[in-house]
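# Summary of the model geometry
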Amino acid sequence: MTTGTLITVAPTGAESAKAEVPALPVTLDELLLTAKECEALGAAVIHVHIRDDEVRPTLDQGRLRETVAALREGTDLIVQLSSGGAVTDPEADRLAVLDAVPDMASCTMGTLNFGDDVFLNRWEFIVDLHTRMQERGIVPEYEIFDLGHLTALQRLLGKYGLPAGGHVHVDFVMGVPGGMPGTTSALVAAHQALRDLPEGTTFSATGIGRSTIPVMLASLSAGGHLRVGMEDTVTYAKGRPVESNMQLVARAVGFAQLAQRPPLTTAEARGLLGVPAAGR
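How each quantity is defined
- For every chain, the first residue of the written sequence is number 1, and numbering continues from 1 along that sequence.
- Since the coordinates come from a predicted model, pLDDT governs what is reported: local features require at least 70, and pairs of side-chain atoms require 80 or more to be given and counted, while whole-chain, interface and lining totals use all residues.
- Water and hydrogen atoms play no part in the side-chain values, which are based on all heavy atoms of the structure.
- In this description a helix means any DSSP run of H or I spanning at least four residues, a strand means any run of E spanning at least two, and both kinds are numbered starting from the N terminus.
- C-alpha atoms define the radius of gyration in this analysis, and the globule rule sets the expected value at 2.2 Å times the number of residues to the power 0.38.
- For every residue, the accessible area obtained with a 1.4 Å probe (protein chains only) is divided by the maximum for its type, and the residue is called buried under 20%, exposed over 50%, and partly exposed between those limits.
- Contacts: residue pairs with any heavy atoms within 4.5 Å of one another.
- The Shrake-Rupley method, run with a 1.4 Å probe sphere, supplies the accessible areas, and residue values consider only the shown protein chains as cover.
- Positive residues here are Lys and Arg, negative ones are Asp and Glu, while His and the chain termini are left out of the count.
- Positions of charges follow a simple convention, taking NZ of Lys, CZ of Arg, CG of Asp or CD of Glu.
- Expected helix span is taken as 1.5 Å per residue step, with the number of steps being one fewer than the number of residues.
- Here, a salt bridge means any side-chain nitrogen of Lys or Arg that lies within 4 Å of a carboxyl oxygen of Asp or Glu.
- The angle between two axes is taken between their N-to-C directions and runs from 0 to 180 degrees, where each axis is a line fitted to C-alpha atoms and a helix contributes only its stretch in contact.
- A crossing counts as left-handed when the near helix is turned anticlockwise from the far one by less than a right angle, and as right-handed when that turn is clockwise.
- Ten residue types, Ala, Val, Leu, Ile, Met, Phe, Trp, Tyr, Cys and Pro, are classed as nonpolar, four, Asp, Glu, Lys and Arg, as charged, and the remainder, Gly among them, as polar.
- For the purposes of this section, nonpolar cores are sets of buried Ala, Val, Leu, Ile, Met, Phe, Trp, Tyr and Cys residues that join through side-chain atoms within 4.5 Å.
- By the definition adopted for this analysis, an angle is roughly parallel if under 35 degrees, roughly antiparallel if over 145, roughly perpendicular if from 65 to 115, and oblique otherwise.

Scanning the chain for helices and strands turns up nine helices and 14 strands. Taking 19 Å as the expected radius of gyration for a compact globule of 280 residues, we find that the chain reaches 17 Å, a close match to that expectation. For the chain, the spread of C-alpha atoms along the three principal axes comes to 45 × 40 × 40 Å. When burial is assessed residue by residue, the chain has 55% of its 280 residues classed as buried. In the chain, 73% of the contacts between residues at least 6 apart in sequence involve partners at least 24 apart. Carbon and sulfur atoms provide 53% of the accessible area of the chain, an area that totals close to 11,600 Å². Once the 22 positive and 33 negative side-chain charges of the chain are each reduced to a mean point, those two points are 3 Å apart.

Pasting the structure below:
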C-alpha cells in the first residue's frame, strides 16, 4: 500500500455553467487563486479545463499556453491538461492540447455514453495521443470510465510501450451515467483488473456527484489516490452547494490523514508519477 496520498484537484471541467455554479473558477485569475489555495492544503496535481470570455469550454491554444505558464510561475503543482475537452471538441483540437507542453495530460481509454451525449475516443486517436506524449515527454493519466478501458490500456501498452516517465497511472472516473457506477464493488473490480497492467501501476479514483465520498473512502482503503473538485461535484452535502474547490480538497486531505496516508508533496508526486522536475 502506498504510504502517502496523491491528491488531484479538478476545479472547473466542461459541464457546469458559471451562471448555475457561481463559485466555479473560470477566469485565469480565479483558476490561479484556486490552484494556490488547493496547493497550500495538500493538492499536488491540477487537472485543467479552461473557458473563453463567454465562460464556454475552449481548447484555444493561446489560452492553454497562458494557463500553463501562469500555473507554473505561481505554483509548484503538476499541471495536467485535459485532452478530453468537451464532448463536442474535434480530435485535432484535443491532440493540439499537447502543444501547450503541460507536465501531464489525460488520455481517455475508450468511447462511452456520457449522459445524453457520446464521448468519442477512437482507438486510432488514443494511439496518436499516447505516442505523441511519449515523443514529447508528457506524462499521461489514463482515464478509465469502465472496466473495458483497462483492457484497452493493456493492449495499448503492449503494442506501443510504456508512457513517458515509465510509470503507469490511471484514474477511475466513477458515477458518470454510461460508465461504471461509483460504488465500492465497482472500485474493487477495477482494482483487481490492475493486475494485468505493469507492476507498480498506481490509481486514483474520482467519484462523480453523490458518489464522491464512497469512492474516496474505497480508494483510500485499497491503497489508491484521490481526485476531487468542482468538475466532478458541485454539492458538498445534500442541499448544500460546494463553496469552493478548497472545501473539497480540505475534505480529501482530512480523509487521507485519517487513513494515515497524508498528502504527497509535489516533489513526492513527481517522483511517483515520473514527471520531470519543475522548469524542465
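Once that is clear, we can look at helix 4 (residues 123–136). In this model helix 4 runs 20 Å from its N-terminal to its C-terminal C-alpha over 14 residues, within 8% of the 20 Å that 1.5 Å per residue would give. For helix 4, every residue scored as buried is listed here: Trp123, Phe125, Ile126, Val127, Leu129, His130, Thr131 and Met133. In the core, the buried residues of helix 4 are packed alongside helix 3 (91–96), strand 6 (104–108), strand 9 (139–144) and helix 5 (147–160). One or two positions beyond helix 4, positive phi appears at Gly137, with a value near 70°.

Take the pattern of salt bridges next. Going through the model one piece at a time under the given rule, you end up with 13 salt bridges. Of the charged contacts, one joins Asp103 and Arg72 as a salt bridge, the two residues approaching to 3.2 Å between their closest N and O atoms. Of this pair, Asp103 sits in the loop between helix 3 and strand 6 while Arg72 sits in helix 2 (residues 61–74), placing them 31 residues apart in sequence. When its relative accessible area of 2% is taken as the criterion, Asp103 is described as buried. Among the ionic pairs, Arg227 bridges to Asp232, the shortest N-O distance being 2.8 Å. Connected via shared salt-bridge partners are Asp171, Arg227, Glu231 and Asp232.

Locating His149 in the fold gives a position in helix 5. Those residues within four positions of His149 in sequence are excluded, and the remaining contacts are Met109, Gly110, Thr111, Leu112, Glu143 and Ile144.

So, about the environment of Ala14. Of note, Ala14 is situated in the loop between strand 1 (7–9) and helix 1 (28–41). Separated by 153 residues in the primary sequence, Ala14 and His167 place their C-alpha atoms 28 Å from one another. Excluding residues within four positions of it along the chain, Ala14 makes contact with His49, Arg51, Pro57, Gly85 and Ala86.

Relative orientation of the contacting elements helix 7 (residues 212–221) and helix 8 (residues 245–258) amounts to 35°, with a least axis distance of 10 Å. Seen along the crossing, helix 7 lies across helix 8 with a hand that is right-handed. When helix 7 is examined against helix 8, the residues Thr212, Ile213, Met216, Leu217 and Leu220 are found in contact with a partner set consisting of Arg251, Ala252, Phe255 and Ala256. Residue composition of the contact of helix 7 with helix 8, grouped by class: seven nonpolar, one polar and one charged.

The next point concerns the nonpolar core. Ranked by size, the top nonpolar core spans 35 residues in total, and within it Ile46, Val48, Leu71, Leu81 and Val249 carry the most contacts. Ranked by residue count, the leading element in this core is helix 8, at six residues. Every residue in contact with Val249, bar those within four places of it in the chain, is listed here: Ile7, Val9, Cys38, Leu41, Ala43 and Val228. Counting 33 residues, the second-largest nonpolar core is a separate cluster that includes Cys107, Leu150, Phe172 and Met174.

As a further point, take the packing of helix 1 against helix 8. Interhelical geometry of helix 1 versus helix 8 gives an angle of 15° and a closest axis separation of 9 Å. Taken together, the axis directions place helix 1 and helix 8 in an arrangement best described as roughly parallel. As for the relative orientation of helix 1 and helix 8, their crossing is right-handed in sense. Note on element contacts: helix 8 touches helix 1 through Asn245, Met246, Val249, Ala250 and Val253, opposite Thr34, Glu37, Cys38 and Leu41. Residues that form the contact of helix 1 with helix 8 fall into these classes: six nonpolar, two polar and one charged.

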